[in-house]
Amino acid sequence: MADLHRYRSSDEDSARWAQVRLRPGDVVVSTRSKHGTTWMQTLVAMLIHGPDLPAPLAELSPWVDFLMEPIDVVTARLDAQDHRRVLKTHTPLDGVPRIDGVHYAVVARHPLDAAVSLWHQGANLDRARMAELSGSPAARGRRPPLEDWLRRWIAADADPRTNLESLPGVIRHLTLAWSRRHDPDLVLVRYDDLRADLPGELARLADRLGLSVRPGVAEAAGFEQMRANADRLAPDQGGILLDRTAFFRSGRSGDGARLLTSEEYAGYRRRVAVLAGEAGPEFLAWLHPGE
């Protein structure tokens, strides 16, 4: 664990991975928030168990980094599972142990769309409950309008190791995965591809994980069906969501770009190109399909 980067925020700490005993067959879903984490967890869990999951998703596929739940509770739950396990993390791949026989799945979403979803998610969090669980002071102050917040988010020069939800944090997470895109233990997926061809992407995922697609999985894992099943699928450890159904807000693409002028969007693209560094134009074209 000494060679792993540590990522910390007010509600996450990647150091908790030191207490997790990974085993061959595990699937670690490593994404940024609002990039399709719950969707990928659901897909993998349903490939393993079928469309009727044996437990709520947050119990079946616990979030390792989340400070709102004691790590010994998380590891006890994982150790008790005798099937292939699915573990959730928002930690980039250089902060997660790499073990032979373990697969890693990373989902990429257009950063602006993920940012818009993140802003809306902020209104659905019970801040007092989060403060109670974490022991940290509750966040205070009025949130700025979405358009203003998005412009600040694009421009913010944040540390990606402590501000994981920032644009630098998002791009660091994705470029690290991009650098390993040819590794057999990594499955790299685009959110928009899941939206455009869920059966095809599900079949590709199953093939990479050595699984088969069970009947009914593609239908049960569609966005609207997941929204209808929010009580069992929404990540609501400790009761931090005000409305579980609202967690699955819309799943649309293009919302972020529509909030910016053409000049502002060009500025966003220039900033992302700088942050992407050596990943270069091929990565940028993959991250922004059709542009």
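The structure this text deals with has already been given above.
What this report covers is the structure whose coordinates are included nearby. Keep in mind that what you see is a predicted model, and the values were worked out from it rather than measured.

## As for the environment of D11
Right, on to step 1. Considering the arrangement of structural elements, one finds D11 in the segment before β1 (27-30).
Right, on to step 2. Measuring from C-alpha to C-alpha, the distance between D11 and D65 comes to 8.1 Å, with 54 residues separating the pair along the chain.
Right, on to step 3. Polar contacts involving the side chain of D11 include one to the side chain of S9, which spans 3.1 Å.

## Considerations on the pairing of β1
Right, on to step 1. Residues of β1 alternate between two faces, with V27 and V29 on one and V28 and S30 on the opposite face, all of them buried.
Right, on to step 2. Two elements, β1 and strand β2 (residues 86-89), share 4 bridges in a ladder whose sense is parallel. Across the sheet, the residue bridging to S30 is T89, located in β2.
Right, on to step 3. Strand direction decides the pairing type here: β1 and strand β3 (residues 103-108), joined by 3 bridges, are parallel. The partner of V28 across the bridge, within β3, is Y104.

## Re the packing of aromatic side chains
Right, on to step 1. With the rule as written, the count across this model stands at 7 aromatic pairs.
Right, on to step 2. Taking the centre distance of 5.5 Å and the plane angle of 75° together, the rings of W39 and Y191 count as edge-to-face. Of this pair, W39 sits in helix α1 (residues 37-49) while Y191 sits in helix α8 (residues 191-196), placing them 152 residues apart in sequence. Neither W39 nor Y191 differs from the other in exposure class; each is buried.
Right, on to step 3. Taken together, W178, F283 and W286 form an aromatic cluster joined through their ring pairs.
Right, on to step 4. Its guanidinium or amino end placed over the ring of W63, K88 lies 4.0 Å from that ring's centre, counting from NZ or CZ.

## Observations regarding unusual backbone geometry
Right, on to step 1. One non-glycine residue, K34, adopts positive backbone phi at about 65°.
Right, on to step 2. Mapped onto the secondary structure, K34 falls in the loop between β1 and α1.
Right, on to step 3. Using a relative accessible area of 15% as the deciding quantity, one classes K34 as buried.

## Here we look at the packing of helix α7 (residues 167-178) against helix α15 (residues 262-276)
Right, on to step 1. Packing of α7 against α15 leaves a shortest axis separation of 9 Å and a crossing angle of 50°. Compared by their axis directions, α7 and α15 come out oblique. The way α7 lies across α15 gives a crossing that is right-handed. Judged by residue contacts, L167, P168, I171 and T175 of α7 engage Y268, R271, V272, L275 and A276 from α15.
Right, on to step 2. Per-class residue counts for the contact of α7 with α15 are 7 nonpolar, 1 polar and 1 charged.

## Re the sheet that holds β2
Right, on to step 1. Across the sheet, 4 strands lie side by side as β2-β1-β3-β4; this open sheet has parallel pairing. The sheet is open, and its two edges are formed by β2 and β4 (186-190), each paired on a single side. On average, adjacent strands in this sheet sit at an angle of 20° to one another, irrespective of strand direction.
Right, on to step 2. Across the face of the sheet, α1 comes into contact with β1, β2, β3 and β4 while running at roughly 175° to β2.

Cut-off values and rules
Residues numbered from 1 in each chain as written. Predicted model: local features only at pLDDT ≥ 70, side-chain atom pairs only at ≥ 80, totals over all residues. Heavy atoms only, no water. Helix = DSSP H or I, 4+ residues; strand = E, 2+ residues; numbered from the N terminus. Polar contact = N/O pair within 3.5 Å; in protein donor to acceptor, adjacent residues only side chain to side chain. Buried < 20%, exposed > 50% of the residue type's maximum accessible area, 1.4 Å probe, protein only. Pairing = 2+ DSSP bridges. Phe/Tyr/Trp six-rings, centres within 6.5 Å; stacked < 30°, edge-to-face > 60°. Lys NZ or Arg CZ within 6 Å of the ring centre and 35° of its normal. Axes fitted to C-alpha atoms, helices over the stretch in contact; angles between N-to-C directions. Parallel < 35°, antiparallel > 145°, perpendicular 65-115°, else oblique. Left-handed = near helix turned anticlockwise from the far one by under 90°. Contact = heavy atoms within 4.5 Å. Nonpolar A, V, L, I, M, F, W, Y, C, P; charged D, E, K, R; others polar.

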